[in-house]
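# Notes for the structure review
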Number of protein chains: 2
Amino acid sequence: MNFSNELKDKQQVVEKILLKYMPENASPYDHVVYNAMKYSLMANGKRIRPILMMESYKICGGNNIREIEAFMAAMEMIHTYSLIHDDLPAMDNDDYRRGILTCHKKYGEDIAILAGDGLLNSAYEIMIDACLKDNKVKAKQKLTACKEIGKAAGVKGMIGGQVADVIQNDITMDVINYIHIHKTSAIIEASLTAGAVLANGSMQKVETFRKIGRCIGLAFQIQDDILDIVSTTEELGKQVGSDNKNGKNTYVTIKGIEESRQIVNELIEKALDSLNSFDSSEKEFLEEFIFYLRNRKK
Amino acid sequence: MNFSNELKDKQQVVEKILLKYMPENASPYDHVVYNAMKYSLMANGKRIRPILMMESYKICGGNNIREIEAFMAAMEMIHTYSLIHDDLPAMDNDDYRRGILTCHKKYGEDIAILAGDGLLNSAYEIMIDACLKDNKVKAKQKLTACKEIGKAAGVKGMIGGQVADVIQNDITMDVINYIHIHKTSAIIEASLTAGAVLANGSMQKVETFRKIGRCIGLAFQIQDDILDIVSTTEELGKQVGSDNKNGKNTYVTIKGIEESRQIVNELIEKALDSLNSFDSSEKEFLEEFIFYLRNRKK
């Protein structure tokens, strides 16, 4: 199977898992929040984070995707909640995301805030349930995966990065790196480390995946900065030039497009080098996936 | 010691625990979110939920508060995040809470949204850490407590209640009860049931505490509706008449003040009856605490 079809297959696997774990509406008085959560969760996402988790799990010898699907769903819910809150008028004030209206443009600001809260809370509910259902050895691994994900999603990770993004006016290279590493890389690192932990991978393997995640995450975000300049709204599915609109410095405004592209390439090389240290026949897809992330147009 | 001093002591115990579990700022780029989280968390709260957890834990035979303090902190963080998000302009649009400016009036809407997210995520980080640190039997109890709390905080609990509160225009008695039970009682029930679970209380004891929580929670919220009419801004520490300002029906607008007061009394009686079924010398404080909740002026 070629990469593009394999990717589509994996995205479909993730989407089935998301639908399975999406909480079901039980009341006529608050069904709108379920609709809003599902609207954003099932929008045309690339499913990068759960796919990364699945790949590191397999590379570390995991062979029962069912035992990690709760974590894959939780990770995508956390990612989606962060997009919903980031798009709000008080933050980036974006009208479009993934080619469709943002959650608050579709459902109103109040429901969007609550749908974000609902997705974050559901992510933890799902992971806690998964920990409870298992035998004791597995429960420990699962709790460790929860901890990786929780830290990456919290104030020492993604939320801290978003705060820096929102409040910093004088954006130097140090600040940009802080923002990218916390806002984007942290969750990508945790997707990979959680997968490795869930497969009972050695500490060394977990840390190698952390390095790979750092490189991919940073490359991904610099690529985002580049696409924000060179892409069109139609290609990107969200407004282009939104960084510039908000007067923010990015890799591109400081380093220029050519140097930014070179940095992306170096990071990708570094990620591939680390990936090479694994002796597993399962690593081929992740290798191609990393190239795909670099070459993406949206 | 009289009740009032005992209550103050317990509130101080909770506040020390909160400070212990409040995440510490590690970076100059996002310290504002730590300040905002701490500002709202350490505001003049009544600490009802962690105190309830402590009491049910003791009544069920628990004798080591240190093993539940992570859950007490988490519960107050979840309560505080919900207040921060509820106060936002897109929701209740309140300027004052507990006698001081609401989080968004003090720090801006963007930081308030992120401080709320940060508190919710921190609550789970803290509970997950507590589960990981313990031996296997305790880990199972702790995970069960996490599950109680997670469900109560999520779309099937508090968030669902807030959604109904925000979107329902034609507010009948059924809708009000749905809102109160989900938005307020669920978390109060979970405070009590989590305490019972953490003390390894029997299923029957856990369920009795669930009943008590339902009654207290409903009484507490109806009392809130009453105070919103009869109190002054100064006494209440937040704007009075805010329910009315938003044109919402409440127990008071439908049933009148006298009947609402009577319903509160009946619910309190029911809670005390259930509490009586426990054979424990530790129940005296909770009994007085329940009277205190009924008689409160803010």
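Residues numbered from 1 in each chain as written. Chains lettered and ligands numbered in written order. Predicted model: local features only at pLDDT ≥ 70, side-chain atom pairs only at ≥ 80, totals over all residues. Heavy atoms only, no water.

Chain A carries the name Farnesyl diphosphate synthase in an unreviewed UniProt entry, which gives Vallitalea guaymasensis as its organism. The record held by UniProt for chain A lists under Sequence similarities (unreviewed entry) the comment "Belongs to the FPP/GGPP synthase family." (UniProt positions renumbered as here; feature names shortened; annotations may be inferred.)

Right, let's get into the pattern of salt bridges. Across all of its chains, the model carries 32 salt bridges over all chains by this definition. With its nearest N and O atoms 2.8 Å apart, the salt bridge here joins Glu207(A) to Arg210(A). In this pair, Glu207(A) and Arg210(A) both sit in helix H10 (residues 203-230), three residues apart, roughly one turn of the helix. When its relative accessible area of 34% is taken as the criterion, Glu207(A) is described as partly exposed. Among the ionic pairs, Arg296(B) bridges to Asp224(B), the shortest N-O distance being 3.2 Å. In this pair, Arg296(B) is assigned in the segment after helix H14 (283-295) and Asp224(B) in helix H10 (residues 203-230), connecting sequence segments 72 residues apart. What makes Arg296(B) buried here is its relative accessible area of 4%. Put simply, Lys10(A), Glu55(A) and Lys58(A) are held in one network by salt bridges that share partners. (Salt bridge = Lys/Arg side-chain N within 4 Å of Asp/Glu carboxyl O. Helix = DSSP H or I, 4+ residues; strand = E, 2+ residues; numbered from the N terminus. Buried < 20%, exposed > 50% of the residue type's maximum accessible area, 1.4 Å probe, protein only.)

A separate point is helix H9 (residues 173-198) of chain A. Residues that lie three or four places apart on an α-helix share one face, since the helix turns once every 3.6 residues. All names here are of chain A. Taking 1.5 Å per residue as the helical rise, H9 with its 26 residues ought to reach 38 Å, and the 35 Å between its terminal C-alpha atoms agrees with that figure. The largest bend along H9 measures about 50 degrees and falls at serine 185. Along H9, 24 of the 26 residues are buried, which leaves the element largely enclosed by surrounding structure. Just past H9, the residue asparagine 200 takes up positive phi, approximately 60 degrees. (Expected span 1.5 Å × (residues − 1). Bend = angle between axes of the 7 residues up to and from the residue.)

Expressed as a screw operation, the relation of chain A to chain B combines 0.0 Å of axial shift with a rotation of 180 degrees, fitting to an RMSD of 0.0 Å. Seen this way, the second copy is the image of the first under a two-fold rotation axis. Comparing contact sets, 100% of the residues at the interface of chain A also lie at the interface in chain B, consistent with an isologous, same-surface contact. (Least-squares fit on C-alpha atoms with pLDDT ≥ 70 in both. Contact = heavy atoms within 4.5 Å.)

All names here are of chain B. Over its 12 residues, helix H3 (residues 48-59) runs 16 Å from end to end, which matches the ideal 16 Å to within 8%, given 1.5 Å per residue. With 11 of 12 residues buried, H3 lies mostly within the body of the structure. Every buried residue of H3 is accounted for by Ile48, Arg49, Pro50, Ile51, Leu52, Met53, Met54, Glu55, Ser56, Tyr57 and Ile59. Of the residues flanking the end of H3, it is glycine 61, one or two places downstream, whose phi is positive at about 100 degrees.

A separate point is the nonpolar core. By size, the foremost hydrophobic cluster in this structure holds 206 residues, and its most contacted members are Phe71(A), Phe289(A), Phe71(B) and Phe289(B). When sequence neighbours within four positions are dropped, the list of residues in contact with Phe289(B) reads Phe3(B), Leu7(B), Ile48(B), Ile51(B) and Leu52(B). (Core = buried A, V, L, I, M, F, W, Y, C linked by side-chain atoms within 4.5 Å.)

Contacts between the two partners involve 57 residues from chain A, matched on the other side by 57 residues from chain B. In total, about 4,800 Å² of surface goes out of reach between chain A and chain B, with carbon and sulfur atoms giving 70% of it. If you look at where chain A meets chain B, you find two salt bridges. The salt bridge partner of Lys147(A) is Asp129(B), with a shortest N-O separation of 2.6 Å. Linking chain A to chain B there are 16 residue pairs in polar contact (both at pLDDT 80 or more). Ranked by residue count, the leading element in the side of chain A that touches chain B is helix H6 (residues 109-133) of chain A, at 16 residues. Considering only residue class, the side of chain A that touches chain B consists of 31 nonpolar, 13 polar and 13 charged. (Buried area = accessible area lost by both parts, 1.4 Å probe. Polar contact = N/O pair within 3.5 Å; in protein donor to acceptor, adjacent residues only side chain to side chain. Nonpolar A, V, L, I, M, F, W, Y, C, P; charged D, E, K, R; others polar.)

Our next topic: the packing of aromatic side chains. Scanning the entire structure with this criterion turns up 15 aromatic pairs over all chains. Here the aromatic rings of Tyr29(A) and Tyr178(B) are separated by 5.1 Å at their centres, their planes lie at 70 degrees, and the arrangement is edge-to-face. Taken together, the residues span two chains, with Tyr29(A) in the loop between helix H1 (3-21) and helix H2 (31-41) and Tyr178(B) in helix H9 (residues 173-198). Note on Tyr178(B): relative accessible area 14%, which makes it buried. Residues Tyr124(A) and Tyr124(B) carry aromatic rings whose centres are separated by 4.5 Å and whose planes lie at 0 degrees to one another, so their mutual orientation is stacked. Of this pair, Tyr124(A) sits in helix H6 while Tyr124(B) sits in helix H6 (residues 109-133), placing the two residues on different chains. Tyr124(A) sits in the buried class, given a relative accessible area of 0%. These aromatic residues form a ring-pair network of at least three members: Phe3(A), Phe285(A), Phe289(A) and Tyr292(A). Here the basic side chain of Lys10(B) rests over the ring of Phe285(B), its NZ or CZ set 4.4 Å away from the ring centre. (Phe/Tyr/Trp six-rings, centres within 6.5 Å; stacked < 30°, edge-to-face > 60°. Lys NZ or Arg CZ within 6 Å of the ring centre and 35° of its normal.)

Attention shifts here to the environment of Leu192(A). Residue and element names in this part refer to chain A. Looking at where leucine 192 falls in the secondary structure, it is placed in helix H9. The class for leucine 192 is buried, based on a relative accessible area of 0%. Separated by 45 residues in the primary sequence, leucine 192 and lysine 147 place their C-alpha atoms 13 Å from one another. With sequence-adjacent residues up to four places away left out, leucine 192 is seen in contact with Leu52, Ser56, Phe209, Ile212, Gly213 and Ile216.

Before going further, it helps to examine the environment of Gly201(A). Residues and elements named next belong to chain A. As for its placement among the helices and strands, glycine 201 is situated in the loop between H9 and H10. By relative accessible area, glycine 201 is classed as buried at 18%. Along the backbone, glycine 201 and glycine 62 are 139 residues apart, and their C-alpha atoms lie at a distance of 8.7 Å. Apart from the residues within four sequence positions on either side, glycine 201 is in contact with Cys60, Ala196 and Val206.

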